[in-house]
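Report on the structure
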Amino acid sequence: MSRNKELLSKIGLRLDGRRANELRRIRCKLGVFTEPDGSAYIEQGLTKVLAAVYGPHQVRGQRSKAQHDGALVNCQFSMAVFSTGERKRRPRGDRKSTELSMHLQQALLAAIKTELYPWSQIDVYVEVLHADGGIYPACVNAATLALIDAGIPLKEYVCACTASLANNDVPMLDISHQEEAIGGPTLTVAALPMSGKIVLMEMSQRFHLDHLPKVLEKALQGCKDVKNILDEAVRLHVQDVGSSTGWVIKN
Amino acid sequence: MFTTKSFIKKNKIGNYLKHVREHYIRDDIFCGFSCCETCSLVESSLTEEYVNKCSLFKFNHYLILDTNIILEQMDVLEEPIIGNCIILHTVLKEVKHRSLPIYKRLMSIVDNPSRHFYIFTNDHHKDTFMPQKDGELINDYNDRLIRKACSWYMDHLPNKKFVLLTDDRANKNLAKEDEIPAVTTTEYVKHLDEQVALGDKLKKKDSEVQKDAKSIFPPHLSTSAMLIGIKEGKLYQGTFRASRDNFLEGFVNVEGFEDNVLVQGRKGLNRAVDGDVVAVQMFDKTEWVSPSEIVLEDEGVSEENIKDIQKNENELKKNAKNSKKDEIRPTGCVVGIIRRKWRQYCGILQGNSDGLYQIFVPADSSIPKIRIETRQAEFLRSQKFIVTIDSWPQHSRYPHGHFVRALGKIGQQSTENEVVLLEHDVPHSQFSEEVLSCLPKLPWLITDDDVKKRVDLRGIDICSVDPPGCTDIDDALHCRPIEGDRLEVGVHIADVSHFIRPGTALDLEAASRATTVYLINKRIDMVPELLSSNLCSLRGGEERFAFSCIWEMDKEANIINTRFHKSIIKSKKAMTYEEAQITIDDKSKNDSIAQSLRNLNMLAKILKKGRLQKGALVLASPEVKIRMDSETMEPLDVEIKKMFETNSMVEEFMLLANISVAQKILEDFPDCAMLRRHPTPPSTNFDPLVKAGKHLGFDMKIDSGKNLAQSLDDATCETNPYLNTMLRILATRCMLQAVYFPSGAMQKDEYFHYGLAVPLYTHFTSPIRRYADIIVHRLLAVTCGADSTYPNLLNKQKTVELCQNLNYRNRMAQYAGRASVAFNTHLFFKGKVQDEEGYVLYVRKNALQILIPKYGLECNLFLATKGETSNIFEYDEDNQTQKAGNLIIHSFDRVVVRMSLDSKNIQHEKFTLQLVEPFIEGFSVQPLGQTEMEVDTNEAKTDKKRKSTSEKGNNKRKS
Amino acid sequence: MALCEAEKTFVLHGVEENFRIDGREREDYRPMELETSIVSHAFGSARLRLANTDVLVAVKIEVDIPFPEKPNEGKIEFFVDCSANATPDFEGRGGEDLAIELSNSLSTAYQSSRAFDLSKLCILKGRKCWKIYVDILLLECGGNLFDAVSLAVKAALWNAQLPLVKSVHVDGNNIEMDVSEELYDCQKLDIKNAPVMVTVCKIGDYCIVDPNQAEEKCSVGSIVVAVSGDRLSTVLQTGAGSLHPTTLVESMKLGHTVGQRLNQALWEALQQIPEDQDVGFLK
């Protein structure tokens, strides 16, 4: 860890040339595969994630897991062995993947209208192709898009974003791997940006209480920015799909 | 808010991973010119009002700097005559990568708006960014980016003129091809209006290398060859430390080696300068020698002549042959320099020679003389000034450097203070406006709110005891009987953390200064005077905020309970040690103050006894006080500081408070409590002490602090009462430096304070003059609910960094204080000749090192002229004695010497000693007033190699 | 995918008529899309989409010690991961059997020095060699996995760039390698003869290549032929069912010719891949 590196230069630019409150470039696409009911691909900077949604369908395996009042949401987080700098030995099943699967489930449950599908199951699978910081947010965002592609009713978008502190003072958004490695604590927030509700918050290290509000605020702002980008992508996608079936969209 | 374009930068490191980094190219980067209409305006200090006056160009122009200019010509850039410079981000990154100190200097220029520097982020700008080509070297790529930025500026602002300043010939030529005006610094500076002084500051890069110049030094290995050698274990990397006594000797501290590697002679040192990181090659074991015991000074005057060196070297060799077996050290030679640690050096010109080239003599005797080029030699001869080293070519006896700035006339108090401060890196500029704006507004009043939050102790009889003339009083005491035949003892410390809030400019400045530095006639405050001498100072009769530590004790000084709280106090009286002592001793006085002082004194004695029993060391270092004439600011007298019982009384309670606080904060902050440790010295450190003890027939036990304390107590001699003190002085020099550290950075058993023999210690009692105490106050305030935490307080990493600075500044402040004492002692002795009593501290081969207790001085009494062995004295190395006829001189023997100041070398005024007693025919001189003075040519020299004195709680109070 | 009897008959008749359910002839392949350099931080990568079969391959390298019995050779390891994205059946460890079958077949096919010369990966005899990790991620299954995987692996290896070792210093047990940090001076691997696998599937009396999922269900037996240059490097029989020796020989011949054609097509496609593509899954 190099102590000489400042995360935010005097001129206010980060190591990759972004400003503190800027997200990385987000590119995304809905419906990348034909087999799943819904699928999506997202790039946040260099972090790349594929998500696939199957369902709602009958509960597989143990029938007893089925719930009378809502759908079962089953999430699996997995990382390609080549996704990290050092090659990973296992794509999933390790502690971190299991934890992330649970966090993903937690975030999605808050958005999916599960009560519409009792006795059934929805599978959400995410596959990280390149991990360059902010894996979890990318997974949440990709999963949201895949759910939309699958046509599963959501309360609203669920978006996630990371934030940290530069030079122990300035909050900054969407932390890259390089910044994660140098910098201080990272705050991950998954939120329902329209209603402003936080569905998941996690910190990589201790945060001083004085800093938390401004970093949290920054992360929430990030979630809102992400939502706008996703929303635009969804609209374009619907327009695309729609026009091929002869819809005419006004405006 | 969105990024415009992205590209990918690849590199691989380590286990051959391929890394990919994002690099955003932006369209919102400001060019820095307020007149520009296309760029979005951001703050910039470039201005049309400033004009660069260089006669090469008939028009006003803006300078774009190449990396090499910044790295090498920083001294020129620091001159205010150069302004309106554009620093490209490409350049800035490279500068930062190559040299952090230079980067910091550059940033301080950039931050100064009157210099009109602007940083242009060219590598993220959409028009000035270019990807690196395959196979293109990073330097070429950077140069290309610089040129691209130049052309862009010329296109972007066609009615402004830009000039590229570069010393890189290739880049300059390529720039010319692109029709970019480019000049070298030398050309540019030559045509500046004020070129005389500036010319001196130019770094001489291409110094005329004569083809036939003989190499004086062996060549250095290339960096890669050194790295390979180190990897293969043939070479070793270490820090070079030059000897202060012998310019042809030095040591290399190699990590992992028990002993330092000795290097000797011109070839052995091979152009290493004190502090450099070097590669050494070890000699075969049969060629290992012991460090020479002779004192050698570089008396060379010219650059090429090396005859005198050769003579000195021969002498060294002779000496080496006689090396004693048990003192043989690993020996080697420097084969290359890994990293230069050159800084700026204070000093003077040598001699009166004319010409462009002059020899500069640094004040620090571990630094070689430096050759400089100057056109103002006449002026410089009267000045102390600063020089920096540029290079040390193989054919030159001295390193080449250039003039940076003058400090003032030689011998003036103000100049010397400046030198002392600079040499010890003491920040001593005026407090900035920003810092001063953090101070409370006068008149300062205590509000009801304050009273509510604090315990009101204004009714208690509190007093302070300090040295005379002390204006920054940071502690006060009280003691009163309470029920149950107990005593309540309170230590009240100025509540500085109330005024210095974390994160403010004032706080940052204080943290950077770390400590108040006391010179003989000058105090460099850590915090502005309003706080240090007024609002925080616990003056008598004034209501002040304090942080109180209050114990309930029984009459045997056992602590029943301890509490801490913030309070308001009103000191009844600010006393000096002497006054307090008189009050205690005067039986007729029986007021509450006198009584509490007596009680305190009684308790302090019990505490001290207990402490000593546990193995706390009583160490000694001669501390002198210099009485100054208040009008002429000249020293009137030099004397050893007087100690009263009350000194020790205050010290005991300060120690107790510090220990109590340390326990409390560690309890609540196991990871980030600021503590102070004094490491147990390695047993080899005690060798000189054990050896000295053995000669005198004392068995020095050094296995534990307690045994050492016992041994020291036992080692007394009736005929020589000063002997015990001398041993204690020696013991002090065996100690390591005490340091601050955050509790999380060490294991519990490493917290130990050796000198005080306590498991936990911190500094709490002097927040006005030590920053560590402010941190401790803040921590303690949190534990007693008086204040809240802030992020950096709980950040272990930040605390580690802070501690490093505090330790460094403290050490430097200590050295600076001593240097100031030494200078004033010299001033006092100017023109005086005196006979004084002294004691032999060490017996060396050609000299006796003599301690003169009255002045706390340590000087060499030379027994023979240089290079010759005395025909009077016989040196016995085993017993460390010198024999002359029937007379044998041992270590610790009492002598009488005649002292006078030798001012031949204005920079290194030295004391010349002549032996008066015992009288040795043909060597000693008659006592003063008995015969006429004989002129003895013996040289002598002060030696201020006084190593760190150990911690003694609060006893090193203000001079 | 489950098929009823009528559907199976339909498939069978289609094959007999040389007019398969998706309109292909028996020796035709479905359309393929190939992209390389898709995983930027890997030393080589490729993504192959064969109709609905989607395979992503990345090549990573590490420095390793050669096997004592083969001191002059480097190492290559194949790892297949069946992503649950492809089908929920792969969730957890569900895809492991298939993954092992695929990776084993690749290992066998690459074992021969004619197919892939491992001695080029040796840095210092008996002491240092490169180990190549070929990581295959199965993203969607639309039938004919072996062919798709082998093509993608070959493309990824073609794309791979091995760092250039400038010099090696040996000092006792210490080996210092000086490796070029520049990406432009890298070595390419020789993959001219790297095997291409062809699955030949017997449906009714005829053999077909590139079966889709429906056809795989109707197969009475299938073999996978790994074609390396003009030779066969491995042949293995997959799935249930049995084959008559004559059919086996016929299938191998068919596999051989198709394999060579396929190899040629791949080679041509690789040459045509533009340098800076930045599309990936966004297309």
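Per chain, the residues get numbers from 1 upward, laid out in the order the sequence is written. The lettering of chains begins at A and the numbering of ligands begins at 1, in the order of writing. This being a predicted model, a pLDDT of at least 70 is required before a residue's local features are given, and a value of 80 or more before pairs of side-chain atoms are given or counted; all residues contribute to the totals for chains, interfaces and linings.

The condition that has to hold: UniProt positions are given in the numbering used here, feature names are shortened, and annotations may be inferred rather than shown by experiment.
In the annotation of an unreviewed UniProt entry, the entry for chain B reads Protein DIS3 homolog, and the organism field reads Brassicogethes aeneus. UniProt, in its Cofactor (unreviewed entry) section for chain B, records the words "Mg(2+)". Among the UniProt annotations of chain B, the heading Sequence similarities (unreviewed entry) holds the following wording: "Belongs to the RNR ribonuclease family."

Chain A is annotated in an unreviewed UniProt entry as Putative exosome complex component RRP41 of Brassicogethes aeneus. Here chain A is described in UniProt, under the heading Subunit (unreviewed entry), as follows: "Component of the RNA exosome complex." The annotation that UniProt attaches to chain A under Sequence similarities (unreviewed entry) is "Belongs to the RNase PH family."

**A word on the overall build of chain A**
Let me state the cut-off plainly: In DSSP terms, a helix is any run of H or I states spanning at least four residues, a strand is any run of E spanning at least two, and both are numbered starting from the N terminus. C-alpha atoms define the radius of gyration in this analysis, and the globule rule sets the expected value at 2.2 Å times the number of residues to the power 0.38. In this description, any two residues whose backbone-derived C-beta atoms lie within 7 Å of each other are considered to be in contact.
Assigned secondary structure in chain A consists of four helices and nine strands. Starting at the N terminus and walking to the C terminus, you meet the elements of chain A as β-β-β-β-α-β-α-β-β-α-β-β-α. By the compact-globule yardstick of 18 Å for 251 residues, chain A fits well, its C-alpha radius of gyration being 19 Å. With respect to the principal axes defined by its C-alpha atoms, chain A has extents near 55 × 45 × 35 Å. Counting contacts in chain A only where the partners sit at least 6 residues apart, residues at least 24 apart contribute 69% of the total.

**Considerations on the interface of chain B and chain A**
What counts is decided by this rule: Under the convention adopted here, Pro, Cys and the residues Ala, Val, Leu, Ile, Met, Phe, Trp and Tyr are nonpolar, Asp, Glu, Lys and Arg are charged, and Gly plus all remaining residues are polar.
In this complex, chain B contributes 20 residues to the contact, which on the side of chain A involves 21 residues. Here the element with the most residues in the side of chain B that touches chain A is strand 2 (residues 17–25) of chain B; it accounts for eight residues. Here the side of chain B that touches chain A is composed, by residue class, of 10 nonpolar, seven polar and three charged.

**Structural notes on the sheet that holds strand 4 (residues 72–79) of chain A**
Residue and element names in this part refer to chain A. The cut-off we apply is this: Strand pairing follows a simple DSSP-based rule, namely that at least 2 bridges must link the two strands. Axis definition: a line fitted to C-alpha atoms, limited for helices to the stretch in contact. Angles are taken between N-to-C directions and run from 0 to 180 degrees.
Sheet architecture is open: five strands sit in the order 1-2-3-5-4, paired in mixed fashion. The open sheet has two edge strands with one neighbour each: strand 1 (26–30) and strand 4. For this sheet, the mean inter-axis angle between neighbouring strands, taken without regard to orientation, is 15°. One ladder, built from eight bridges, connects strand 4 with strand 5 (residues 120–130); its direction is parallel. By the bridge assignment, Val 73 is partnered in strand 5 with Ile 122. Contacting strand 1, strand 2 (38–44), strand 3 (47–58), strand 4 and strand 5, helix 2 (residues 135–150) runs over the sheet at an angle of about 150° to strand 2.

**Quick look at the UniProt feature "domain: Exoribonuclease phosphorolytic" (unreviewed entry) in chain A**
UniProt's feature table lists "domain: Exoribonuclease phosphorolytic" (unreviewed entry) at residues 22–153 and 157–221 of chain A, given in the numbering used throughout. Secondary structure content for residues 22–153 of chain A is 23% helix and 33% strand, while the C-alpha to C-alpha distance between its ends is 30 Å.

**What to know about the pairing of strand 13 (residues 221–228) of chain C**
In summary, the side chains of a regular strand alternate between the two faces of the sheet. Residues and elements named next belong to chain C. The condition that has to hold: With C-beta atoms placed from the backbone, a residue is buried if 20 or more other C-beta atoms are within 10 Å of its own, exposed if 12 or fewer are, and partly exposed between those counts.
Taken across its eight residues, strand 13 has eight buried, putting it largely inside the fold. Across the two faces of strand 13 the burial is the same, with Gly 221, Ile 223, Val 225 and Val 227 and Ser 222, Val 224, Ala 226 and Ser 228 all buried. As paired strands, strand 11 (residues 196–203) and strand 13 are joined by seven bridges and run antiparallel to one another. Bridge pairing in strand 13 places Cys 201 opposite Ser 222. Pairing geometry for strand 13 and strand 14 (residues 231–238), over seven bridges, is antiparallel. Each bridged residue has a counterpart across the sheet, and for Ala 226 the counterpart in strand 14 is Thr 234. Counting the residues between successive antiparallel strands, the hairpin from strand 13 to strand 14 contains two residues, one of them, Gly 229, with a positive phi of roughly 60°.

**Overview of the sheet that holds strand 33 (residues 874–876) of chain B**
Residues and elements named next belong to chain B. Overall, antiparallel pairing links the three strands, which are arranged 33-34-35 in an open sheet. In the strand order of this sheet, the two ends are held by strand 33 and strand 35 (887–889), each with one partner. For this sheet the average axis-to-axis angle between neighbouring strands, irrespective of direction, equals 25°.

**Overview of the interface of chain A and chain C**
Across the contact, 26 residues belong to chain A and 24 residues belong to chain C. Contributing elements (two or more residues each) for the side of chain A that touches chain C: strand 1, strand 3, strand 4 and strand 5 of chain A. Per element, the largest residue contribution to the side of chain A that touches chain C is five residues, and it comes from strand 5 of chain A.

**Some points on the UniProt feature "domain: PIN" (unreviewed entry) in chain B**
UniProt's entry tags residues 61–173 of chain B with the feature "domain: PIN" (unreviewed entry), counted in the numbering of this structure. Helix makes up 49% of residues 61–173 of chain B and strand 14%. Its end C-alpha atoms lie 20 Å apart.

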